[in-house]
Amino acid sequence: MALQELLRDEGYEVISATGREEGVTLATMSHADVIIADARLPGLDGVAWVRELSRYGPPPPTILLCTRASCPPPESGVVCMTKPIDLARLFRVLERAAGPQILVA
Amino acid sequence: MTTPPIPHELIDGLEVFICGLDERGTILVFNRPCEHLTGLARDHAVGKSWLELFAIHERHDHVHELWSRATAGRPAGPYEALCRNGRSLRWQFSRWEQRHPSIALWAVGFDITDEREALARSRELERMVTLGNLVAGLTHELRNPLNGALLQLALAERHEVRKQGGLTPTLEAIVQATGEIRRISMLLDDFLVFVRPLPINLERVGVRRIVERAIARGGAKAQAAAVTIVLEPGDEVAAEVDPVRVETAVYHLLANAIDAASELDAREVRIRLVVRGNAIVIEVEDRGPGLPSSDAPIFEPFFTTKQGGTGLGLTIVERVAAEHDGRISHERRDGATVFRLELQIVGGASN
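Definitions and limits used
- Residues numbered from 1 in each chain as written.
- Chains lettered and ligands numbered in written order.
- Predicted model: local features only at pLDDT ≥ 70, side-chain atom pairs only at ≥ 80, totals over all residues.
- Heavy atoms only, no water.
- Phe/Tyr/Trp six-rings, centres within 6.5 Å; stacked < 30°, edge-to-face > 60°.
- Helix = DSSP H or I, 4+ residues; strand = E, 2+ residues; numbered from the N terminus.
- Buried < 20%, exposed > 50% of the residue type's maximum accessible area, 1.4 Å probe, protein only.
- Lys NZ or Arg CZ within 6 Å of the ring centre and 35° of its normal.
- Pairing = 2+ DSSP bridges.
- Axes fitted to C-alpha atoms, helices over the stretch in contact; angles between N-to-C directions.
- Contact = heavy atoms within 4.5 Å.
- Core = buried A, V, L, I, M, F, W, Y, C linked by side-chain atoms within 4.5 Å.
- Salt bridge = Lys/Arg side-chain N within 4 Å of Asp/Glu carboxyl O.
- Left-handed = near helix turned anticlockwise from the far one by under 90°.
- Nonpolar A, V, L, I, M, F, W, Y, C, P; charged D, E, K, R; others polar.

**With respect to the packing of aromatic side chains**
All names here are of chain B.
Moving on, step 1. This structure, assessed with the given rule, holds eight aromatic pairs over all chains.
Moving on, step 2. Seen in terms of ring centroids, Trp-50 and Trp-91 are 5.0 Å apart; in terms of plane orientation they differ by 85°. Their pairing is edge-to-face. On the criterion of sequence distance, the pair formed by Trp-50 in helix H4 (residues 50–54) and Trp-91 in strand S4 (residues 88–94) is long-range, its members being 41 residues apart. Each member of the pair Trp-50 and Trp-91 is classed as buried.
Moving on, step 3. Pairwise contacts between aromatic rings join Phe-17, Trp-50, Phe-54, Trp-67, Tyr-79, Trp-91 and Phe-93 into one cluster.
Moving on, step 4. Stacked on the ring of Tyr-251, the Lys or Arg Arg-217 has its end atom at 4.5 Å from the ring centre.

Structure, rendered in structure tokens:
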């Protein structure tokens, strides 16, 4: 996936998950510093997924990539970015929010 | 038994068209609204054939059939026809022979032009909502592939920079393509505002104040184009409108006028408020070159004459007008183009 490659290129360590179950498992096991989640995960919409995640304890800062011009942040600590993403802005947000490890789900 | 006189003072005062006819359809009674409609004085109309006056030849059989069906207790109709002056009429025919034996038939007509127009406007609005939902769905779907393409381009850009340094033709192409995708993305943002309208929110507000806000919003654009916006002096007018929508509509009218005015020496856009009957009219005037032609489909989505225009501005204005049961019109007057946004003073909202 191009996004993961770009993030690695920026010097981040990237773990990737495909689908809801794997995402939840990795999110709770990996101690990622930031989660970047597509709002259109297979099997579940991203907003509900983030909500599910918070049942296992407070999740790390999460960036939700969505297709709506204005999508309401489901919880605090969630940043919504509209596709196509503004990479420069994404990198700025990551710089503020993150340690070196990112989970892309 | 004597025949009572025709109560002209009554039928002349009604806002319906009334004709009394004999069995062959010759006009015997012709009320004042009929005179206004046809431009024919009563004395000239009496004796003429109703069919010749109100029905085109091809439809005479249809009218005859309605006449034969009409009975005392049960009027026959409707017969809908377009008048020479452009009005639409709906006629009903009834028989009521006891009081006036010479009059076999009464033709009673209603002017349904406004009703028709309102119906057409609401159908158009309905169509736009349906279309809007479809397009909103499509717009969201488009963001995924656009995002994918943009990320791939960003990746390719990095590879190319590392491999070659300097500005290679490939790199140039990548940068161009990236710019194009950003442009599509901006278009989608504009478009979403248009297709997903928020619920209309009528408030009693000063329209002048709204216009001033729209002017403030257009200030930067006007300044960049060295165009002066003049709000003609006048009193505040209160009306029940959705202030956000009206401001947006006025802003789009202003933006167009600024673009037009920037093409010549008289760099001025004038805006004025006029109260006309139950309506408040916001007029935006520029002395630019005017529309390409009088029948250019300027209110159609994506119609634009400007480089870089999205072609949605006037579509949005038209929509705001429709949502307020108002209308948008334009004319060329003494070398100036005037767009006129007419809104009901007492809340006319159609959703």
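**Points about the sheet that holds strand S11 (residues 327–333) of chain B**
All names here are of chain B.
Moving on, step 1. One open sheet holds the five strands; their spatial order is S7-S9-S10-S12-S11, and the pairing between them is mixed. For this open sheet the edge positions go to strand S7 (228–231) and S11, each flanked by a neighbour on one side alone. Taken pair by pair, the neighbouring strands of this sheet meet at an average axis angle of 20°, ignoring direction.
Moving on, step 2. Relative to strand S12 (residues 336–344), S11 runs antiparallel, the two being bridged by seven bridges. Note on S12: the bridge partner recorded for His-330 is Phe-339.
Moving on, step 3. Against the sheet, helix H8 (residues 207–224) makes contact with S7, strand S9 (268–276) and strand S10 (279–286), and its axis sits at roughly 170° relative to S7, the strand it touches most.

**Comments concerning the nonpolar core**
Residue and element names in this part refer to chain B.
Moving on, step 1. Of all hydrophobic cores here, the largest spans 45 residues; its most connected members are Leu-254, Ile-271, Ile-282 and Leu-341.
Moving on, step 2. Of all elements in the fold, only H8, strand S8 (238–241), helix H9 (243–261), S9, S10, helix H10 (313–323) and S12 reach the threshold of two or more residues within this core.
Moving on, step 3. The dominant element in this core, judged by the number of residues it contributes, is H9, at ten residues.
Moving on, step 4. Among residues more than four places away in sequence, those in contact with Leu-341 are Ala-249, Val-250, Leu-253, Ile-280, Val-281, Ile-282, Val-317, Ala-321, Arg-327 and Ile-328.
Moving on, step 5. Membership of the second largest hydrophobic core comes to 26 residues, among which are Cys-19, Ile-27, Ala-70 and Cys-83.

**Some points on the sheet that holds S4 of chain B**
All names here are of chain B.
Moving on, step 1. The five strands lie next to each other as S2-S1-S5-S4-S3, forming an open sheet whose pairing is antiparallel. Looking along the sheet, the strands with just one partner apiece sit at the ends: strand S2 (27–30) and strand S3 (76–82). Going across the sheet, the axis of each strand differs from the next one's by a mean of 25°, ignoring polarity.
Moving on, step 2. In terms of strand pairing, strand S1 (residues 17–21) meets strand S5 (residues 105–111) through five bridges, oriented antiparallel. When the sheet's bridge partners are listed, Phe-17 is paired in S5 with Gly-109.
Moving on, step 3. Packing of helix H5 (residues 60–69) onto the sheet brings it into contact with S1, S3, S4 and S5, and relative to S3 it is tilted by some 155°.

**Description of H10 of chain B**
A turn of α-helix holds 3.6 residues, and therefore any two residues three or four places apart point the same way.
Residues and elements named next belong to chain B.
Moving on, step 1. The buried fraction of H10 is high, at ten of eleven residues.
Moving on, step 2. Along H10, the positions that sit buried rather than exposed are Gly-313, Leu-314, Thr-315, Ile-316, Val-317, Arg-319, Val-320, Ala-321, Ala-322 and Glu-323.
Moving on, step 3. The positive-phi residue at the C-terminal boundary of H10 is Asp-325, with phi of around 55°.

**Notes on the pattern of salt bridges**
Residues and elements named next belong to chain B.
Moving on, step 1. Taken as a whole, this structure holds 34 salt bridges over all chains when the rule is applied.
Moving on, step 2. Among the salt bridges present, the one from Glu-285 reaches Arg-287, with a minimum N-O distance of 3.7 Å.
Moving on, step 3. For Glu-285, a relative accessible area of 11% gives the class buried.
Moving on, step 4. Members of the salt-bridge network, linked through shared partners, are Glu-232, Glu-268, Arg-270, Arg-272, Arg-276, Glu-283, Glu-285, Arg-287, Glu-331, Arg-333 and Arg-340.

**Some remarks on the packing of H9 of chain B against H10 of chain B**
Residues and elements named next belong to chain B.
Moving on, step 1. For the pair H9 and H10, interaxial distance at closest approach is 9 Å and the crossing angle is 145°. The two elements H9 and H10 cross, and the hand of that crossing is left-handed. The segment H9 lies against H10, with Arg-245, Val-246, Thr-248, Ala-249, His-252, Leu-253 and Asn-256 engaging Gly-313, Leu-314, Ile-316, Val-317, Val-320 and Glu-323.
Moving on, step 2. Split by residue class, the contact of H9 with H10 holds seven nonpolar, four polar and two charged.

**Observations concerning the pairing of S2 of chain B**
Residues and elements named next belong to chain B.
Moving on, step 1. Summarising the sheet, S1 and S2 pair through three bridges and their orientation is antiparallel. Looking at S2, one finds that Gly-20 is bridged to Val-29.
Moving on, step 2. Between S1 and S2, which pair antiparallel one after the other, the connecting turn spans five residues, and Gly-25 there sits at a positive phi close to 95°.

Functional significance is not addressed by these values, which are geometric in nature.
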